[in-house]
Amino acid sequence: MVYRALADAVVIVHSLFVAFVVLGGFLVWRWRRVAWVHLPAAAWGTAIEFGGWICPLTPLENALRVHAGLAGYSGGFVEHHVIAWLYPIGLTPPKQVLLGTLALLVNLAAYSLVVRHPQPDHDHG
């Protein structure tokens, strides 16, 4: 039970990280200092996609599932909804490059707006 909960937690963290990679540039509009965390995260996320690599969180999750005695992604909400979004069926290297490109374009759009419309940092209020 503990290993399954840990595996589900890894999937949730992984999903949040992917969402942050794709959409985190928009947080920079409000809190400029987020860029210090977002830019390396976005670089890592797009590198994973462009390189066709596997994020280290994936083998960790799979190892936890093996320890939990699970053979696959069947079961509750996390398996049916989050995992299907994070690991789409038919994901190929060209599709990964497309996903990486989309993430890069979304972030370029977000950061171009930040640069064009500078505002004071809202971190203090």
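Residues numbered from 1 in each chain as written. Predicted model: local features only at pLDDT ≥ 70, side-chain atom pairs only at ≥ 80, totals over all residues. Heavy atoms only, no water.

### So, the overall build of the chain
Here's step 1: Looking only at helices and strands, the chain features five helices and zero strands.
Here's step 2: Counting from the amino terminus, helix and strand elements in the chain follow one another as α-α-α-α-α.
Here's step 3: Of all 125 residues assigned to the chain, the portion counted as buried reaches 29%.
Here's step 4: Contacts spanning at least 24 positions in sequence make up 75% of the contacts within the chain whose residues lie at least 6 apart.
Here's step 5: Surface accessibility of the chain: about 7900 Å² in total, with carbon and sulfur atoms responsible for 76%. (Helix = DSSP H or I, 4+ residues; strand = E, 2+ residues; numbered from the N terminus. Buried < 20%, exposed > 50% of the residue type's maximum accessible area, 1.4 Å probe, protein only. Contact = heavy atoms within 4.5 Å. Areas by Shrake-Rupley, 256 points an atom, 1.4 Å probe, with all protein chains shown as cover.)

### Focus on the confidence of the model for the chain
Here's step 1: Mean pLDDT over the chain works out to 82, with 83% of the residues at or above the 70 mark.
Here's step 2: Here helix α4 (residues 77–86) stands out as the least confident element of the chain, with mean pLDDT 59; helix α2 (residues 35–51) is the most confident, with 92. (pLDDT = per-residue confidence, 0-100.)

### A look at the packing of helix α1 (residues 2–30) against α2
Here's step 1: Where α1 meets α2, the closest approach of the two axes is 9 Å, and the angle between their N-to-C directions is 140°. Classed by the angle they form, the pair α1 and α2 counts as oblique. The hand of the α1/α2 crossing is left-handed. Contact residues: α1 offers F17, F20, V21, G24, G25 and V28, while α2 offers A35, V37, H38, A41, A42, W44 and G45. (Axes fitted to C-alpha atoms, helices over the stretch in contact; angles between N-to-C directions. Parallel < 35°, antiparallel > 145°, perpendicular 65-115°, else oblique. Left-handed = near helix turned anticlockwise from the far one by under 90°.)

### Considering helix α3 (residues 57–67)
Here's step 1: Every buried residue belonging to α3 is among T58, E61, L64 and R65, and all of these are buried. In a view along the axis of α3, the buried residues occupy a sector of 130°, so they form one face of it. Among the exposed residues of α3, those pointing more than 90 degrees away from its buried face are V66 and H67.
Here's step 2: Just downstream of α3, G69 is the residue with a positive phi angle, here 80°. (Arc of directions from axis to C-beta.)

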